[in-house]
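Fold and contact review
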Amino acid sequence: MAMETLKTWAKALRRDIVALWIAARDLRTPWTAKALAGAVAAYALSPIDLIPDFIPALGYIDDLLIVPAGIWLAIRLIPAPLMIEFRDSAAARAARPVSRLAAAAIILLWVLAGAALVWFLSGRR
């Protein structure tokens, strides 16, 4: 039963991060909430951590404390009717189908760009 609760919490957290990203770009969001929402969403979605995860015990503090606290505070700064709208929009985005063909095309473009860079830097012209 605890695993289902954890999965539900993780889905809600993921939805709220996307909702905060939407809120940060919406003109109706107060500027303080917009700044915090944008910073929290960018940090949560970024592969760079304030405290690297490989540091024992301390590495997960940002994931377990800082990010949820930032989400909580940002949500409190956004008016409730707007947050409901942003959550609905985030849930709709999550329900969209994923295009594996588009993902493959983007990966192919990165591989080709990397190969072109290696060729250019190797001095062969």
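Residues numbered from 1 in each chain as written. Predicted model: local features only at pLDDT ≥ 70, side-chain atom pairs only at ≥ 80, totals over all residues. Heavy atoms only, no water.

1. A short note on the overall build of the chain
Applicable threshold: Here a helix means four or more residues in a row that DSSP labels H or I, a strand means two or more in a row labelled E, and each is numbered from the N terminus. The globule rule used here is 2.2 Å times the number of residues to the 0.38 power, and the radius of gyration it is set against is calculated over C-alpha atoms. Categorising residues by exposure relies on relative accessible area from a 1.4 Å probe, with only protein chains included: less than 20% of the type maximum marks a residue as buried, more than 50% marks it as exposed, and the intermediate range marks it as partly exposed. Here a residue-residue contact requires only that any non-hydrogen atoms of the pair lie within 4.5 Å. Accessible surface is estimated by sampling points in the Shrake-Rupley manner with a 1.4 Å probe; for residues, cover comes only from the protein chains shown. Note that His is not counted, nor are the chain ends; the positive residues are Lys and Arg, and the negative ones are Asp and Glu. By convention, the point assigned to a charge is CZ for Arg, NZ for Lys, CD for Glu and CG for Asp.
Looking only at helices and strands, the chain has five helices and zero strands in total. Computed over the C-alpha atoms, the radius of gyration of the chain is 19 Å, more than 25% above the 14 Å expected from 2.2 N^0.38 for a compact globule of 125 residues. On the principal axes, the C-alpha backbone points of the chain span a range of 60 × 40 × 35 Å. Put simply, the chain has 125 residues, and 21% of those count as buried. A sequence separation of at least 24 residues applies to 59% of the contacts in the chain between residues at least 6 apart. Carbon together with sulfur atoms contributes 73% to the accessible area of the chain, which is approximately 9400 Å² in total. Taking the average location of the 14 positive side-chain charges in the chain and that of its 9 negative ones, the two points are 9 Å from each other.

2. Notes on the pattern of salt bridges
Close approach of charged atoms lets side chains of opposite charge pair. What counts is decided by this rule: When a carboxyl oxygen of Asp or Glu is within 4 Å of a side-chain nitrogen of Lys or Arg, the pair counts as a salt bridge.
The final tally for this structure, using the stated rule, is four salt bridges. Among the salt bridges present, the one from Asp26 reaches Arg28, with a minimum N-O distance of 3.0 Å. Across the salt bridge formed by Glu85 and Arg28, the nearest N and O atoms sit 2.6 Å from each other. Note that Glu85 is positioned in helix α4 (residues 80-94) and Arg28 in the loop between α1 (2-24) and α2 (31-45), a separation of 57 residues in sequence. Residue class for Glu85 comes out partly exposed when judged on its relative accessible area of 37%.

3. Some points on the nonpolar core
Stated precisely, the cut-off is as follows: Take the buried residues of types Ala, Val, Leu, Ile, Met, Phe, Trp, Tyr and Cys, join any two whose side-chain atoms come within 4.5 Å, and each joined set is a nonpolar core.
Core analysis: the largest hydrophobic core is formed by 19 residues, its most contacted members being Leu20, Ala37, Ile71, Ile78, Met83 and Phe86. When residues of this core are assigned to their parent elements, the largest contribution, six residues, is made by α1. Each residue touching Leu20, except ones within four places of it in the same chain, is listed here: Ala37, Val40, Ala41, Ile71, Ala74, Ile75, Ile78 and Met83.

4. Some details on the side chain of Asp16
Checked against the element boundaries, Asp16 lands in helix α1. In contact with Asp16, not counting residues within four places along its chain, are Ile71, Ile75, Met83 and Arg87.

5. Some details on α1
The cut-off we apply is this: The span you would expect from a helix comes to 1.5 Å times its residue count less one.
Compared with an ideal rise of 1.5 Å per residue, which puts 23 residues at 33 Å, α1 spans 33 Å between its outermost C-alpha atoms and is within 8% of the ideal. The complete set of buried residues in α1 reads Asp16, Ile17, Ala19, Leu20, Ile22, Ala23 and Ala24. Where α1 is buried, its residues touch α2, α3 (61-77) and α4.

6. A few points about the packing of α2 against α3
Stated precisely, the cut-off is as follows: Orientation is described by lines fitted to C-alpha atoms, with helices fitted over the stretch in contact, and by angles between N-to-C directions that extend from 0 to 180 degrees. When an angle is under 35 degrees it counts as roughly parallel; over 145 it counts as roughly antiparallel; between 65 and 115 it counts as roughly perpendicular; any other value is oblique. Two helices cross in a left-handed way if the nearer one is turned anticlockwise from the farther one by less than a right angle. They cross in a right-handed way if the turn is clockwise. Three classes are used, and their members are as follows: Ala, Val, Leu, Ile, Met, Phe, Trp, Tyr, Cys and Pro are nonpolar, Asp, Glu, Lys and Arg are charged, and the others, Gly among them, are polar.
Viewed as axis vectors pointing N to C, α2 and α3 meet at an angle of 155°, and their least axial separation amounts to 9 Å. The orientation of α2 relative to α3 falls into the category roughly antiparallel. As for the relative orientation of α2 and α3, their crossing is left-handed in sense. Contact residues: Thr32, Ala33, Leu36, Ala37, Val40, Tyr43 and Ala44 in α2; Asp62, Val67, Gly70, Ile71, Leu73, Ala74 and Leu77 in α3. Partitioning the contact of α2 with α3 into residue classes produces eleven nonpolar, two polar and one charged.

By themselves these figures say nothing about function.
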